[in-house]
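# Close look at the chain arrangement
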Amino acid sequence: NLACILTFPCHQRKGYGRFLIAFSYELSKKEEKVGSPEKPMSDLGQQAYKPFWASTIIDFLLNQCPDATNMSIMDISKKTSIMAEDIVFTLNQLSILKIINGVYFIAAEEGLLRSLAKKYPVKEPRVDASKLHWTPFITDVKRDKFSIHSKKPSVEGEETTRVGGFP
């Protein structure tokens, strides 16, 4: 949703860039799409997006995930609107993604997730999604590769993520 983020130097380090990133993902949720920044990202873009992804994914796993023991990367993507590739990248960066026989596992006990949540907190200012009143332009879902509805549902045999270690 955002092509470019610019925060003037006198207003940097106040959380406005992070707020714009969060706002962008909230718009993606309203559109029922996944989003990702333009690639390749600049150094400053990486400094902004990586901690945002980490805090959002960790917060989701700790506080918003109803069944954390059996969830696919695509399930996390659908709920957060973060592209699956960015989720895999972030979990790898956090050293909690393990791949065994082609199956992804989040090998992290709740204590480790809580310590990561302290390292990557969800910071202020936050976007209040309940105050966002906007109706997106509807397109043909089947042709839209970013639509959440075009993503395959989580099924048995699909690569799944298990929180808490190995099966």
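Now for a quick tour of the structure.

Calculation rules
- Note on numbering: residues in each chain are counted from 1, in written sequence order.
- The model is predicted, so local features are restricted to residues of pLDDT at least 70 and side-chain atom pairs to those at 80 or more, both for listing and for counting; the totals for chains, interfaces and linings are taken over all residues.
- Note that water and hydrogens are dropped before the side-chain values are worked out from all heavy atoms of the structure.
- Two aromatic rings, drawn from Phe, Tyr or Trp (for Trp, its six-membered ring), form a pair once their centres lie within 6.5 Å of each other, and the interplanar angle then sorts them: stacked below 30 degrees, edge-to-face above 60, tilted otherwise.
- Under the DSSP-based scheme used, a helix requires at least four consecutive residues in state H or I and a strand at least two consecutive residues in state E, with every element numbered from the N terminus.
- Working definition: with a 1.4 Å probe on protein chains only, accessible area under 20% of the residue-type maximum means buried, over 50% means exposed, and in between means partly exposed.
- For this analysis, residues touch if any pair of their heavy atoms sits within 4.5 Å.
- The definition of a polar contact used here is a pair of N or O atoms within 3.5 Å, where within protein one atom must be able to donate a hydrogen and the other to accept one, and adjacent residues in sequence count solely through side-chain atom pairs.
- Here, the term nonpolar core denotes a set of buried Ala, Val, Leu, Ile, Met, Phe, Trp, Tyr and Cys residues that are joined through side-chain atoms within 4.5 Å.

### Examining the packing of aromatic side chains
- All chains considered together, the criterion is met by 2 aromatic pairs.
- Ring geometry for Tyr 25 and Phe 52: centres 5.5 Å apart, planes at 15 degrees, overall stacked. Taken together, the residues Tyr 25 in helix 1 (residues 16–31) and Phe 52 in helix 2 (residues 43–64) connect sequence positions 27 residues apart.
- Residue Phe 52 is classed as buried on the basis of its relative accessible area, which comes to 7%.

### Let's talk about the environment of Thr 80
- Summarising the element assignment, Thr 80 is placed in helix 3 (residues 73–80).
- The class for Thr 80 is buried, based on a relative accessible area of 5%.
- Look past the residues within four positions of Thr 80 in its chain and what remains in contact with it is Tyr 25, Lys 29, Thr 56, Phe 60 and Ile 87.
- Within the structure, Thr 80 has its side chain in polar contact with the backbone oxygen of Ile 76 (distance 2.9 Å).

### Overview of the environment of Thr 7
- Tracing the backbone shows Thr 7 in the segment before helix 1.
- Sequence spacing of Thr 7 and Gly 17 is 10 residues, and the spatial spacing of their C-alpha atoms is 6.4 Å.

### Thoughts on the nonpolar core
- Ranked by internal contacts, the top residues of the largest apolar core, which has 31 residues, are Trp 53, Leu 91 and Ile 96.
- Looking at this core, the elements that each hand over two or more residues are helix 1, helix 2, helix 3, helix 4 (84–93), strand 2 (103–106) and helix 5 (110–119).
- Counting residues per element, this core draws most heavily on helix 2, at 9 residues.
- Every residue in contact with Ile 96, bar those within four places of it in the chain, is listed here: Leu 91, Phe 105, Ile 106, Ala 107, Ala 108, Leu 112, Leu 113 and Leu 116.

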